[in-house]
Amino acid sequence: MSTTTSRPPARPATTRGGPVPSRSRPRRGKLGVQNAAGWLFSTPFLVLFTVFMAFPILATLLMSFTDFGLRNVTRPWEAHFIGFDNYVQLFGDEKFLKSLFNTAYFVVVGVPLTIALGLVVAVLLNNGIDRARTFFRVGFYAPVVTTIVAVAVVWRFVLDPSDGLVAGLLSEVGLTAPDFLGSEALAMPSMIAMAVWRNVGTVMVLFIAGLQAVPTEVREAARLDGAGLWQELRGITVPLLRPTLLYATVITTIGYLNVFEEPFVMTQGGPSDSTLTVSLNMYREGFNFFHMGYASAMAYVLFVVIMGITVLQLRLLKDNTK
């Protein structure tokens, strides 16, 4: 007759200092390898960022406090430190103040037009147009990916006072087309029209993405309650699009504050500096006249303006995005 003996349950392995660490816990050596791998893969970006971004930004800041000019390109150590003289001179420079006013005009008029038109187009493409929707989306977005040279050629033809498209349409009703790009009163509005046409596609894409995230039940409930298109847009669509509206406004404002290509290609800042912007003025001072210290100070004034306006926009719309 066989007998069985019960074995005591196995005890967890222990060491003199306590229980043996579990294998599932990450080891310091493994973490070290992972960190090293992370830094290794990040090194190319860090090198490129340091050489082409961080160093130029720091050098430009230091340069703005000097009289750095053409003679200092090969001998930068001979530049003289002049403190805040460049910044003081800026706000007494009529050309800079004119460029600052032109940039503000471009932003104040262009940003609301771009945001409003982009929202209208997005609503129509999301709800109102059923056929060829993809065709219209691609058509509105095509100017965004089109080079500024091609855009300039098209708009010069459209606005040409003798043979342009607008001149031809006006001649059909017995009117004479003005010189849009040669008139001080019409040159900047023409620049704004071109900028809105070129950038409305970006805003449209952002708003379409935001509209597709709006619950359809909310809009259907509003329609059942008798809300019209305008009431639905004002009371439901726009409030639910506040985060998208904030993002679109911020990036559009930053882009318009840095406007350079449109006046550079179309008017070269003329006529009579009516389309001279801060970025174009900065380019002239730095690369035409080689007043690089003065141009650097101009760049940092523009940077402070952009930062201030961006912070103001974020604060004004912060409570509405929660």
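A short tour of the structure in this document, coming up. (Residues numbered from 1 in each chain as written. Predicted model: local features only at pLDDT ≥ 70, side-chain atom pairs only at ≥ 80, totals over all residues. Heavy atoms only, no water.)

## Some remarks on unusual backbone geometry
Where we set the bar: A run of H or I in DSSP counts as a helix once it spans at least four residues, and a run of E counts as a strand once it spans at least two, with each numbered from the N terminus.
Geometrically, the link from glycine 270 to proline 271 is a cis peptide bond, its omega value of -5 degrees lying close to zero. Mapped onto the fold, proline 271 is located in the loop between helix H11 (261–266) and helix H12 (278–288). One non-glycine residue, glutamine 268, adopts positive backbone phi at about 55 degrees. In this fold, glutamine 268 is placed in the loop between H11 and H12.

## Thoughts on the layout of surface pockets
Filter applied, for reference: Of the two site types, the cavity is a set of points on a 1 Å grid over the protein atoms alone where a 1.4 Å probe fits but cannot get out, and the pocket is an open set with protein on both sides within 12 Å along at least five of seven lines, each lined by residues with an atom within 4 Å of a point. Grid points are joined across faces, edges and corners, and a volume is the space filled by probe spheres set on the points. Each residue is assigned to one of three groups, with Ala, Val, Leu, Ile, Met, Phe, Trp, Tyr, Cys and Pro labelled nonpolar, Asp, Glu, Lys and Arg labelled charged, and all others, Gly among them, labelled polar.
In this structure, the largest pocket encloses a volume near 360 Å³. Thr60, Phe287, Met292, Ala295 and Ser296 are the residues nearest the centre of the largest pocket, which is lined by 13 residues in total. When residues of the lining of the largest pocket are traced back to their parent elements, those giving at least two are helix H1 (28–63), H12 and helix H13 (292–318). Per-element tally for the lining of the largest pocket: the top contributor is H12, with 5 residues. Partitioning the lining of the largest pocket into residue classes produces 9 nonpolar, 4 polar and no charged.

## Remarks on the packing of helix H5 (residues 148–159) against helix H7 (residues 187–212)
Two numbers describe a pair of packed helices, the interaxial angle and the distance between the axes. Quick note on the threshold: Axis definition: a line fitted to C-alpha atoms, limited for helices to the stretch in contact. Angles are taken between N-to-C directions and run from 0 to 180 degrees. When describing relative orientation, an angle under 35 degrees is termed roughly parallel and one over 145 degrees roughly antiparallel, while 65 to 115 degrees is termed roughly perpendicular and anything else oblique. By the definition used in this description, the sense in which the near helix is turned from the far one sets the handedness, with an anticlockwise turn below a right angle giving left-handed and a clockwise turn giving right-handed. Contacts between residues were defined by any pair of non-hydrogen atoms, one from each residue, lying within 4.5 Å.
Taken N-terminus to C-terminus, the directions of H5 and H7 make an angle of 130 degrees; their axes are 11 Å apart at the nearest point. Comparing their axes, H7 and H5 come out oblique. For the crossing formed where H5 meets H7, the hand is right-handed. For the pair H5 and H7, contact is made by Ile148, Val151, Trp155 and Leu159 and by Ser190, Ala193, Met194, Trp197 and Arg198, respectively. Residue classes in the contact of H5 with H7 are distributed as 7 nonpolar, 1 polar and 1 charged.

## With respect to the packing of H7 against helix H10 (residues 242–257)
Running from amino to carboxyl end, H7 crosses H10 at an angle of 160 degrees, the nearest separation of the two axes being 10 Å. Taken together, the axes of H7 and H10 are roughly antiparallel relative to one another. The hand of the H7/H10 crossing is right-handed. Residues Ala195, Val196, Asn199, Val203, Leu206, Phe207 and Gly210 of H7 lie in contact with H10, whose contacting residues are Thr244, Leu245, Tyr247, Ala248, Ile251, Thr252 and Tyr256. Along the lines of polarity and charge, the residues of the contact of H7 with H10 split into 10 nonpolar, 4 polar and no charged.

## Notes on the environment of isoleucine 309
Residue position: isoleucine 309 is located in helix H13. Sequence separation of isoleucine 309 and isoleucine 254 is 55 residues, and the distance between their C-alpha atoms is 8.8 Å. Leaving out residues up to four positions away in the same chain, isoleucine 309 has contacts with Thr253 and Leu257.

## Focus: the nonpolar core
General note: in soluble globular proteins, nonpolar side chains tend to be found buried as a group. Basically, it comes down to this: Side-chain atoms within 4.5 Å are what join buried Ala, Val, Leu, Ile, Met, Phe, Trp, Tyr and Cys residues into a set we call a nonpolar core. Remark: exposure states derive from per-residue accessible area (1.4 Å probe, protein chains only) relative to the maximum for the residue type, with buried under 20%, exposed over 50%, and partly exposed in between.
Ranked by size, the top nonpolar core spans 48 residues in total, and within it Leu90, Phe106, Ile115, Met191, Phe207, Tyr256 and Met266 carry the most contacts. Breaking this core down by element, the ones donating at least two residues are helix H2 (85–90), helix H3 (94–128), H5, H7, H10 and H13. Counting residues per element, this core draws most heavily on H7, at 11 residues. Apart from residues lying up to four places away in sequence, isoleucine 115 is in contact with Val203, Phe207, Leu245, Ala248, Thr249 and Thr252.

## Here we look at a nonpolar patch on the surface
Applied cut-off: Only residues whose relative accessible area exceeds 30% and that form no salt bridge are eligible for patches; like-charged ones are grouped when within 9 Å, while nonpolar side chains (Val, Leu, Ile, Met, Phe, Trp, Tyr) are grouped when within 5 Å. The method behind every accessible area is Shrake-Rupley, applied with a 1.4 Å probe, and residues are considered shielded solely by the protein chains displayed. Within this document, salt bridges are pairs made up of a side-chain nitrogen of Lys or Arg and a carboxyl oxygen of Asp or Glu, the two lying within 4 Å of each other.
A contiguous nonpolar surface patch, about 1000 Å² in accessible area, is contributed by Trp39, Phe45, Leu46, Val47, Leu48, Phe49, Val51, Phe52, Met53 and Ile57. Note that phenylalanine 52 resides in helix H1. For phenylalanine 52, a relative accessible area of 60% puts it in the exposed group.

## A word on the pattern of salt bridges
Per the stated rule, a full pass over the model turns up 5 salt bridges. Arginine 75 is the salt-bridge partner of glutamate 78, the closest N and O atoms lying 3.2 Å from each other. Within the structure, one salt-bridge network assembled from shared partners comprises Lys95, Asp273 and Arg284.

## What about the packing of aromatic side chains?
To be explicit about the condition: Two aromatic rings from Phe, Tyr or Trp, using only the six-membered ring of Trp, form a pair when their centres are within 6.5 Å; if the ring planes differ by under 30 degrees the pair is stacked, by over 60 it is edge-to-face, and anything between is tilted.
Within the structure shown, the criterion is met by 13 aromatic pairs. Between phenylalanine 84 and tyrosine 87, the aromatic rings sit 6.1 Å apart at their centres with planes inclined by 55 degrees, giving tilted as the arrangement. Between phenylalanine 91 and phenylalanine 96, the ring centres sit 6.0 Å apart and the planes meet at 90 degrees, which makes this aromatic pair edge-to-face. Note on phenylalanine 96: relative accessible area 0%, which makes it buried.

## Things to note about the side chain of threonine 249
In plain terms, the rule: Throughout this description, a polar contact denotes any pair of N or O atoms lying within 3.5 Å of each other; where both atoms belong to protein, one of them has to be capable of donating a hydrogen while the other can accept it, and for residues adjacent in sequence the pair is counted only when both atoms sit in side chains.
Within the secondary structure, threonine 249 sits in helix H10. At 2.7 Å, the side chain of threonine 249 forms a polar contact with the backbone oxygen of leucine 245. In contact with threonine 249, not counting residues within four places along its chain, are Val111, Ile115 and Gln313.

## Topic: the environment of valine 108
As for its placement among the helices and strands, valine 108 is situated in helix H3. Considering only alpha carbons, one finds valine 108 and threonine 253, 145 residues apart in sequence, at a separation of 8.9 Å.

Spatial relationships are all this shows, so hold off on functional conclusions.
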